[in-house]
Amino acid sequence: MTVSVQGTGMTRFGRHLDRSPRDLVEEAVAAALDDAGLEPGDVDAVVVGNAVDGLMTGQESVRGQVVLRGTGIRGVPIVNTENACASGAVAAHLAWQSVVAGLYRRVLVVGYEKLVHPDREKAFRAFDASMDLAEMHALHPSPPTDRTIFMDHYADRSDLDELLLAEIAAKNHTHGALNPLAQYRTPLDAAEVLASRPIVGPLRLRMCAPMGDGAAAVVLSSDDGPVRILASAMTSGRGDDAALPTAVSRAAAAAYDRAALGPDDLDLVELHDATAVGELELYAQLQLCAPGSEESLVEGGTTRLGGARPVNTSGGLLARGHPIGATGVAQLVELHTQLTGRGGARQVDGARTALAQNLGGIVGTDVACAVVHVLSGEGF
């Protein structure tokens, strides 16, 4: 069965100290329903992705039912998903499955997170809970108070060229400056990225995704629409042997196979750039280049707007922001925006086929969860 993205909506990502999770979700849901031309009563089911609301606000167990109370959506099945930074993409994957199976005609997908808190260390430790804590404490008996341990994981590549990482970060910040919903909207060049505060290893502040709040929503439907989901694939990390294919590479291979296309068919990609190191490592895992040739993608301008295959036209996690549970859904919002020709100054000309990749957590030698979606539009 064909699954279309009927409508999308999201808040601006950023610091929303005066707004509750419920308030953010209501804005995103209202925008998605309006974009789809639907009323709350037209929704048959909802899947809600959130990672750390229990740790940040104390709200557990029925998070989706709570944040949706003011949307007018009542009485339908509401499923809550929690899978680290991939929570939103997992929600979309489950919604896609339910439409493909013919269980529901229209399923709303919501991703949200509130991370900004007066006690920044509270948010850092919430991030860290996306790891095997026994393993983490064995490796890091005294976690740093000024960052999440995830940064140390990404920084464990002292061989990387800082200028190359700065070029990746500068690209995403330049793209984000064109996105009115991005957390950071200031274009940066590589020198400005390198001048930002050191974090750990080769990482500088502007090479790392910021803390932020936000919500995003999409409506998936069995009705015909201008944007279709050709494939959705989810894997878990084995975490036992770094020589084996990663969760991301396995999810990408499965998605390409289901969509009956390959990386050369893609017009744009939204990937999980939690840091500039993360983006660099994902190029080969998504088959955008051969292992070892990542540098050529960056230096050749392939991944920039105007290049052959732009990556993170939204600004990515580095500039659009990373309110954990909202990220995977926000990626779908960006692809829908591009595939319907509504990208404005960041529009990819003639975009017809796109990929979104979201990951979450760390277990041993691999990420804990990976999700890849492939979308197709009719052109514009």
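**Side note on the overall build of the protein chain**
Per the secondary structure count, the protein chain includes 14 helices and 11 strands. Radius of gyration (C-alpha) of the protein chain: 19 Å, near the 21 Å computed for a compact globule of 380 residues. The dimensions of the protein chain, computed from C-alpha atoms along their principal axes, are 55 × 45 × 40 Å. Out of the 380 residues in the protein chain, the part that is buried amounts to 59%. When the accessible area of the protein chain is evaluated, it comes to approximately 14,100 Å², of which 49% is carbon and sulfur surface. Here the protein chain contributes 30 positively and 47 negatively charged side chains, and the mean placements of these two sets differ by 5 Å.

**Section: the packing of helix H8 (residues 162-176) against helix H11 (residues 276-285)**
At their nearest, the axes of H8 and H11 sit 9 Å apart, and the two run at 95° to each other. If you check the angle between H8 and H11, you find them roughly perpendicular. In contact with Leu164, Leu165, Ile168, Ala169, Lys171 and Asn172 of H8, H11 contributes Ala276, Val277, Glu279, Leu280 and Tyr283. Across the contact of H8 with H11, the residue classes tally to eight nonpolar, one polar and two charged.

**Regarding the side chain of Thr302**
Tracing the backbone through its elements, the reader meets Thr302 in the loop between helix H12 (294-299) and helix H13 (316-319). Beyond its immediate sequence surroundings of up to four residues, Thr302 is in contact with Leu297, Gly307, Ala308, Arg309 and Pro310.

**A closer look at the packing of helix H4 (residues 87-100) against helix H14 (residues 327-339)**
For the pair H4 and H14, the least separation of the axes is 5 Å and the interaxial angle reads 65°. Comparing the axis directions of H4 and H14 gives the class roughly perpendicular. Contact residues: H4 offers Gly88, Ala89 and Ala92, while H14 offers Gly328, Val329 and Leu332. In terms of residue class, the contact of H4 with H14 is made up of four nonpolar, two polar and no charged.

**Describing the nonpolar core**
Core analysis: the biggest nonpolar cluster contains 68 residues, and Leu203, Tyr283, Leu286 and Leu288 have the highest contact counts within it. At seven residues, helix H10 (residues 247-259) tops the list of elements feeding residues into this core. Every residue in contact with Leu286, bar those within four places of it in the chain, is listed here: Val248, Ala252, Tyr256, Pro263, Val269, Leu271, Leu355, Gln357 and Val372. Counting 31 residues, the second-largest nonpolar core is a separate cluster that includes Trp96, Val107, Leu335 and Leu339.

**As for the environment of Gly325**
Tracing the sequence through the fold places Gly325 in the loop between H13 and H14. The class for Gly325 is buried, based on a relative accessible area of 0%. Spatially, the C-alpha atoms of Gly325 and Thr81 are 9.2 Å apart, while their sequence positions differ by 244 residues. Not counting residues within four places of it along the chain, the set of residues in contact with Gly325 comprises Gly49, Asn50, Ala51, Ser87, Gly88, Gly111, Tyr112 and Glu113.

**Looking at H8**
Counted at 1.5 Å a residue, the expected span for H8 with its 15 residues is 21 Å, and the 21 Å between its end C-alpha atoms agrees. Taken across its 15 residues, H8 has 11 buried, putting it largely inside the fold. Taken residue by residue, H8 has Leu164, Leu165, Ala166, Ile168, Ala169, Ala170, Lys171, Asn172, His173, His175 and Gly176 as its buried positions. On its buried side, H8 packs onto helix H9 (190-194), H11, H12 and H13. Of the residues that open H8, the one with a side-chain oxygen 2.9 Å from the backbone nitrogen of Leu163 is Asp161.

**Quick word on the environment of Thr11**
Mapping Thr11 onto the fold places it in the loop between strand S1 (4-10) and helix H1 (21-36). The sequence separation of Thr11 and Asp189 amounts to 178 residues, and the corresponding C-alpha distance is 27 Å.

**So, H4**
An α-helical turn contains 3.6 residues, so a residue and the one three or four places further along point in the same direction. An ideal rise of 1.5 Å per residue puts 20 Å on 14 residues; H4 measures up with 20 Å between its terminal C-alpha atoms. A large share of H4 lies buried, amounting to 11 of its 14 residues. All buried positions along H4 are accounted for by Ser87, Gly88, Ala89, Val90, Ala91, Ala92, His93, Ala95, Trp96, Ser98 and Val99.

**Here we look at unusual backbone geometry**
Even without glycine at this site, Ala84 takes up a positive phi of about 55°. Mapped onto the fold, Ala84 is located in the loop between strand S3 (78-81) and H4. Residue Ala260 is not a glycine yet carries a positive backbone phi of 60°. Tracing the backbone shows Ala260 in the loop between H10 and strand S9 (268-270).

**Concerning the pairing of strand S4 (residues 106-113)**
With eight of its eight residues buried, S4 lies for the most part within the structure. Covered by surrounding structure in S4 are Arg106, Leu108, Val110 and Tyr112 together with Val107, Val109, Gly111 and Glu113, the residues of both alternating faces. Examined bridge by bridge, strand S2 (residues 45-49) and S4 share five bridges and lie parallel to one another. The partner of Val48 across the bridge, within S4, is Val110. Where S4 lies against strand S7 (residues 214-221), eight bridges are found, and the strand directions are antiparallel. Bridging from a neighbouring strand, Tyr112 pairs with Ala215 of S7.

Parameters at a glance
- Residues numbered from 1 in each chain as written.
- Predicted model: local features only at pLDDT ≥ 70, side-chain atom pairs only at ≥ 80, totals over all residues.
- Heavy atoms only, no water.
- Helix = DSSP H or I, 4+ residues; strand = E, 2+ residues; numbered from the N terminus.
- Rg over C-alpha atoms; globule rule 2.2 N^0.38 Å.
- Buried < 20%, exposed > 50% of the residue type's maximum accessible area, 1.4 Å probe, protein only.
- Areas by Shrake-Rupley, 256 points an atom, 1.4 Å probe, with all protein chains shown as cover.
- Lys, Arg positive; Asp, Glu negative; His and termini not counted.
- Charge placed at Lys NZ, Arg CZ, Asp CG, Glu CD.
- Axes fitted to C-alpha atoms, helices over the stretch in contact; angles between N-to-C directions.
- Parallel < 35°, antiparallel > 145°, perpendicular 65-115°, else oblique.
- Contact = heavy atoms within 4.5 Å.
- Nonpolar A, V, L, I, M, F, W, Y, C, P; charged D, E, K, R; others polar.
- Core = buried A, V, L, I, M, F, W, Y, C linked by side-chain atoms within 4.5 Å.
- Expected span 1.5 Å × (residues − 1).
- Polar contact = N/O pair within 3.5 Å; in protein donor to acceptor, adjacent residues only side chain to side chain.
- Pairing = 2+ DSSP bridges.

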